[in-house]
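Spelled out from the first residue to the last, the chains are:
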Amino acid sequence: MVVACSTNKDTFVNRTFHRLVTRDNGWFNANEKLKETVAAMQKGHVDDYDQVLPIFVNGTEDEARAMTPALEICIEKCATVIDRNSMEFGGKEKNNWIDDAWFVIGKSHFYKRGYLDALRTFDYIGRRYKGQDKQMEAKLWLARTAIELEQYAKAQSTLDEIKGQKELPKRFPHDELSAVQADLDLHRGKVDNAIINLEHALQIANKKKDRIRWSFILAQLYQLKGLDDKAIAMYNKVARMGAPYEMGFHAQIFQALAFDRGDSKTLRQKLARMLRDEKNLDHYDMIHYALAELDLKENMRSDAIGQLMMSTRSSTTDTRQKAKSFLKLADLYFDDKKYPAAQQYYDSTSTVLSEEHPRFDEVTTRAEVLGDLVVQLNVIAREDSLQAFAKLEPEEREKRIKQLIRERERQEVEDKQTADDSREIIASTPLAPKPGTAGSGGAWYFYNPTHVARGLADFRKKWGSRPNEDDWRRADKSGTALVDIAEEEEEEEEGSAGTLPTLAEGEPEWKNPEHYLKDIPVNEAMLDTSNSKICQALYLSGMIYKEKLKDVDNAIESFQVLNDRFDDCRYTPESYYQLYRIYLAKEKAGNFMDFGGASSKHYSDIILERWPGSEFARLVRNPDQLQADEATRIAEAQAYDALYQQFKQGSYRGVIATCDGVVANEPRNHLLAKYGLLKAMAIGGLHMLGPFRDALGLVRDNYPGSDEAKAAIALLANLDKMVGAGEGDSTDTASEGPSYSPAKGAHYVIIIVPDSAGPMSGITAQISDFNQRFFRNQPIEVKTSIWNPGSQVILIRLFETKELAMSYYDSFKNNKGDLAGINDQGFPLFAISSDNYQRFYVAKDPNGYEGFFSRNYLDGK
């Protein structure tokens, strides 16, 4: 045995011993742990069936972070085996299990998303161990890694090299070769080629789970290409293959969604049976959505809307489906120009739709725009209602008010019951630590990253992406609107109907009948105020229709109603001008017939006759003036954008000079407020605190009410907080901080921790435990230094490149369990080059470096 332990002798005994130790000791344990870890990840992975499923389940960033400790152990075990048992003689490895150990290391790097390390490892296996079992399989994984790195040409050349081999190893996964080629085709947008390769992979697939998944993806690709019959047949096949519940259910639903023509009776019967099956309770929303799609394809629009409403009401845990149903309803109402209903559903959609959804920005924009429109429509309806209420007899008014109060009382009772029920549910669901599971070491649930990642996925599936804040389940955190009663004005109009009587202590104001009478226009002054509100709301709603919704017909109606009702209100000239612009655009577009005297000339004549000296008359006489003004605004915006790019590049002095020139020489520039704020920020970039404060004050004073003034006020408040910590005397000096330079070499990660955070030894031990768990194969050192009398700086080093430092920074910042109490307290945390650290430490300049770090490391976020 002593003789056999040597790796310096190429004898049968030595080779046999080291092969046996490599296989049955290090490699076997590491390989089994790798398989268990990946299997657990894939079991907990939640597929997004709204997209074509990925051919391989490689894991998300959160899942990779949860797997990292186990994968680091796999890497360490195999590295130890290679170090102790490698037998290389004459350039050839005599231990034929060493390439297997390297292969486990490569796959571990791959699943922890260390793709560059994985690429180097697989490339090394392919070059170093020619002719051995894992050479070609390593090249296959090299192609998979290149796909993840978007190195598609490298991936294709590697696959071509494998296909060009005269003979492949006996256990080579031929089905996986075709699947990887299909995956590459999908990433390159070659769907037809992907279908061909995936069909071939299915014919030779060895594992049932691969056949099921690839069949489902093939059906999705058929549907994507419009091959509906093939898609329905393949979905039906998947449903009969014993697929996992979620995939089998979606296969049945997607048969209905792929339906395009013919008789839908069979599909409807199948969906009806699924609704009767209680195991599908959490998916009733999806079944109703599929029925709605069938209704829409058969032109039964009202039935479809009914099914979609059933879908939203029956939703339980699947926020993706809830978002789809809300969005479909919103789109249907929007297409029908029923904007108030559309606004409600777009708003509901925005609360549950993922930010990664391709229509997220469109949905939020429509919700905001339609929200603005609904506000104006509500103003019109409210003021019309108040004016109509003023015309009622006193007895009828009293009757209506009593009815409103009774409705409010009933709603209050219902709302209280709902709140009580919610509290009972919360109270009956205590939060307690879960017993440790296999591999968790008995740790509390929230300290187990695997459980946390899986729980986060389940939470997002049910609730969507939510901010970490109180009352996150409530859309209106200030209270609940129970009836459509107007909010009180901040200031009472003159001539109101008297002072409200004193209420009994604790009684809400809405129970007082006088509360409902105070806004009723009972005299001329109040009636004029009410009409002014209606006039403004009609104009603003018309502009929203015209400019934001591109709904010309509703815009014309709003402007015409304004003109008919108010002969000379504040917005009457603008309303006529907007009608002139609308009809002028119609006439230029051609195919316009004037049937009722409505034309651009008709409205231009009215403007020139009634308001000959106005700005609108000037624009009517010279229609091209508006385009000239717009061209000027575009040129001004482009000039500002170019200057802002200079600011982002750090050319602060040049930016300041340019801003001064614009403010002095272009008094009509529509971006003067932005130039003022940009100048202030450039001064701040030079670390001149006194001038920075002065520049912010000028923005606040010169452009009151603007967004830039609000930003300046917020920045000044932050400066006051900073100065309040004992630096107030420094505001009168114009000192400049150190100059930092971009670097890619050696880096540190630093965190500045106050002494009040607790014993520093405990904090550094916690960080060291985190390093041992997630970066056990990297030589990371943790040191502390005095920062100032009240805090210390923790130095985490050494990282060879900026990219490695930022990878550590991201892991450190996003870890929710191991670093609790450190990374969640708002302590300054940066990656910094070794050269910049010297300047940073001497100058004690966290605020100045923060801007540099944001621009150069976080892409300006």
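Predicted model, so just to flag it, every value in this text is computed and none were measured.

Draft legend 1. Examining the overall build of the protein more closely. If you tally the helices and strands in the protein, you get 33 helices and 6 strands. Expressed as a percentage of the 861 residues in the protein, the buried residues total 42%. When contacts within the protein are restricted to residue pairs at least 6 apart in sequence, long-range pairs at least 24 apart make up 63% of them. Taken as a whole, the protein presents about 46,900 Å² of accessible surface, with 50% of it coming from carbon and sulfur.

Draft legend 2. Quick peek at the pairing of strand β4 (residues 781–788). Pairing of β4 with strand β5 (residues 791–799), which is carried by 7 bridges, proceeds in the antiparallel orientation. When the sheet's bridge partners are listed, Lys-783 is paired in β5 with Leu-795. Taken together, β4 and the strand that follows it, β5, pair antiparallel across an intervening segment of 2 residues.

Draft legend 3. Spotlight on helix α11 (residues 245–258). An ideal rise of 1.5 Å per residue puts 20 Å on 14 residues; α11 measures up with 20 Å between its terminal C-alpha atoms. Counting buried residues in α11 gives 11 out of 14 residues, a clear majority hidden from the surface. Within α11, burial applies to Met-247, Gly-248, Phe-249, His-250, Ala-251, Ile-253, Phe-254, Gln-255, Ala-256, Leu-257 and Ala-258. If you follow the buried residues of α11, they end up packed against α9 (208–224), α10 (228–239), α12 (265–276) and α13 (284–297).

Draft legend 4. Layout of the nonpolar core. Ranked by internal contacts, the top residues of the largest apolar core, which has 115 residues, are Trp-214, Phe-216, Ile-253, Leu-271, Tyr-346 and Leu-549. If we ignore the near neighbours within four places in the chain, the residues touching Tyr-346 are Leu-327, Ala-330, Asp-331, Phe-334, Arg-359, Val-363, Arg-366, Ala-367 and Leu-370. Core analysis: the next-biggest nonpolar cluster, separate from the first, contains 38 residues, Val-749, Phe-770, Ile-794 and Phe-812 among them.

Draft legend 5. Structural detail: the sheet that holds β4. In spatial order, the strands read β4-β5-β3-β6; together these 4 strands make up an open sheet with antiparallel pairing. Of all the strands in the sheet, the pair left with one neighbour each is β4 and β6 (829–833). If you compare each strand with its neighbour and ignore which way they point, the axes differ by 30 degrees on average. Sheet analysis places strand β3 (residues 747–754) next to β6, joined by 5 bridges and oriented antiparallel. Counterpart to Ile-751 in the pairing with β6 is Leu-829. Along the sheet, helix α32 (residues 834–843) contacts β3, β4, β5 and β6; its crossing angle with β6, the most-contacted strand, is approximately 120 degrees.

Draft legend 6. Structural detail: the pattern of salt bridges. All chains considered together, the criterion is met by 39 salt bridges. Asp-660 is the partner of Lys-679 in a salt bridge, and the nearest nitrogen-oxygen pair spans 2.7 Å. Here the residue Lys-679 occupies a position in helix α27 (residues 672–685), and Asp-660 occupies one in helix α26 (residues 652–665), the gap between them amounting to 19 residues. For Lys-679, a relative accessible area of 24% puts it in the partly exposed group.

Draft legend 7. Seen up close, the environment of Leu-404. Of note, Leu-404 is situated in helix α18 (residues 394–427). What makes Leu-404 partly exposed here is its relative accessible area of 29%. Between the C-alpha atom of Leu-404 and that of Lys-511, which follows or precedes it by 107 residues, the distance is 9.4 Å.

Draft legend 8. A look at helix α33 (residues 846–857). For α33, the full list of buried residues reads Pro-846, Gly-848, Tyr-849, Phe-852, Phe-853, Ser-854 and Tyr-857. Next to the buried residues of α33 lie β3, β4, α31 (802–814), β6 and α32. Directly beyond the C-terminal end of α33, a positive phi value near 55 degrees is found at Asp-859.

Draft legend 9. Summary view of the state of the cysteines. Per the stated rule, a full pass over the model turns up 1 disulfide. One disulfide in the model links Cys-535 with Cys-569; its S-S distance is 1.8 Å. Residue Cys-535 is found in helix α20 (residues 524–548), and its partner Cys-569 is found in the loop between α21 (552–565) and α22 (572–589); the two are separated by 34 residues along the sequence. Exposure remark for Cys-535: the relative accessible area of 1% places this residue in the buried category.

Draft legend 10. How the structure looks around the packing of aromatic side chains. All chains considered together, the criterion is met by 53 aromatic pairs. Seen in terms of ring centroids, Tyr-245 and Phe-249 are 6.0 Å apart; in terms of plane orientation they differ by 35 degrees. Their pairing is tilted. Highlighted residues: Tyr-245 and Phe-249, both in helix α11, separated by 4 residues, approximately one helical turn. By way of ring pairs, the aromatic residues Tyr-740, Tyr-748, Trp-787, Tyr-809, Phe-830, Tyr-837, Phe-840, Tyr-841, Tyr-849, Phe-852, Phe-853 and Tyr-857 are connected into one cluster. Positioned above the aromatic ring of Trp-141, the side-chain terminus of Arg-144 is 4.2 Å from the ring centre. In this structure, Lys-844 packs its charged tip against the face of Tyr-841, placed 3.9 Å from the ring centre.

Draft legend 11. Up close: the pairing of β3. In terms of residue burial, β3 counts as a mostly covered element, since 7 of its 8 residues are buried. In this structure, β3 lies alongside β5, joined through 7 bridges in antiparallel fashion. Bridge assignment links Ile-751 to a residue of β5, and that residue is Ile-794.

Draft legend 12. Here's a closer look at the packing of α12 against α13. Orientation of α12 relative to α13, taken along the N-to-C sense of each, is 160 degrees, at an axis distance of 10 Å. Looking at the two axes, α12 sits roughly antiparallel to α13. The two elements α12 and α13 cross, and the hand of that crossing is left-handed. Of α13, the residues touching α12 (which contributes Leu-267, Arg-268, Leu-271, Met-274, Leu-275 and Arg-276) are Tyr-284, Ile-287, His-288, Ala-290, Leu-291, Leu-294 and Asp-295.

Draft legend 13. Broad picture of the side chain of Ser-315. Residue position: Ser-315 is located in the loop between α14 (301–313) and α15 (319–335). Take Ser-315: its relative accessible area is 15%, and that puts it in the buried class. Within the structure, Ser-315 has its side chain in polar contact with the side chain of Asp-285 (distance 3.4 Å). Apart from residues no more than four positions distant in its own chain, Ser-315 is found in contact with Asp-285 and Lys-322.

Draft legend 14. The confidence of the model for the protein, seen in detail. Overall, the predicted model of the protein reaches an average pLDDT of 82, with 84% of residues at or above 70. Within the model, the stretch residues 431–445 combines pLDDT values under 50 with 13 contacts to residues more than four positions away or in other chains. For the stretch residues 725–735, pLDDT sits under 50, and the model shows 14 contacts to residues farther than four places along the chain or on other chains.

Draft legend 15. Here's a closer look at the packing of α13 against α14. Where α13 meets α14, the axes come as close as 8 Å, and the angle between the chain directions of the two elements is 170 degrees. By the criterion of interaxial angle, the relationship of α13 to α14 is roughly antiparallel. Contacts from Asp-285, His-288, Tyr-289, Leu-291, Ala-292, Asp-295 and Leu-296 of α13 reach α14 at Arg-301, Asp-303, Ala-304, Gln-307, Leu-308, Met-310 and Ser-311. A class-by-class count of the residues in the contact of α13 with α14 yields 7 nonpolar, 3 polar and 4 charged.

Draft legend 16. Just unusual backbone geometry, in detail. Across the junction of Arg-797 and Leu-798, the peptide omega takes the value 5 degrees, indicating a cis bond. Turning to its location among the elements, Leu-798 is positioned in strand β5. For Arg-113, which is not glycine, the phi dihedral falls at a positive 65 degrees. Positive phi is not limited to glycine here, since Lys-337 has a value of about 60 degrees. For Lys-337, the position within the fold is in the loop between α15 and α16 (339–352). For Lys-337, a relative accessible area of 40% gives the class partly exposed.

About the criteria used
Residues numbered from 1 in each chain as written. Predicted model: local features only at pLDDT ≥ 70, side-chain atom pairs only at ≥ 80, totals over all residues. Heavy atoms only, no water. Helix = DSSP H or I, 4+ residues; strand = E, 2+ residues; numbered from the N terminus. Buried < 20%, exposed > 50% of the residue type's maximum accessible area, 1.4 Å probe, protein only. Contact = heavy atoms within 4.5 Å. Areas by Shrake-Rupley, 256 points an atom, 1.4 Å probe, with all protein chains shown as cover. Pairing = 2+ DSSP bridges. Expected span 1.5 Å × (residues − 1). Core = buried A, V, L, I, M, F, W, Y, C linked by side-chain atoms within 4.5 Å. Axes fitted to C-alpha atoms, helices over the stretch in contact; angles between N-to-C directions. Salt bridge = Lys/Arg side-chain N within 4 Å of Asp/Glu carboxyl O. Disulfide = S-S within 2.5 Å. Phe/Tyr/Trp six-rings, centres within 6.5 Å; stacked < 30°, edge-to-face > 60°. Lys NZ or Arg CZ within 6 Å of the ring centre and 35° of its normal. Parallel < 35°, antiparallel > 145°, perpendicular 65-115°, else oblique. Left-handed = near helix turned anticlockwise from the far one by under 90°. Polar contact = N/O pair within 3.5 Å; in protein donor to acceptor, adjacent residues only side chain to side chain. pLDDT = per-residue confidence, 0-100. Nonpolar A, V, L, I, M, F, W, Y, C, P; charged D, E, K, R; others polar.

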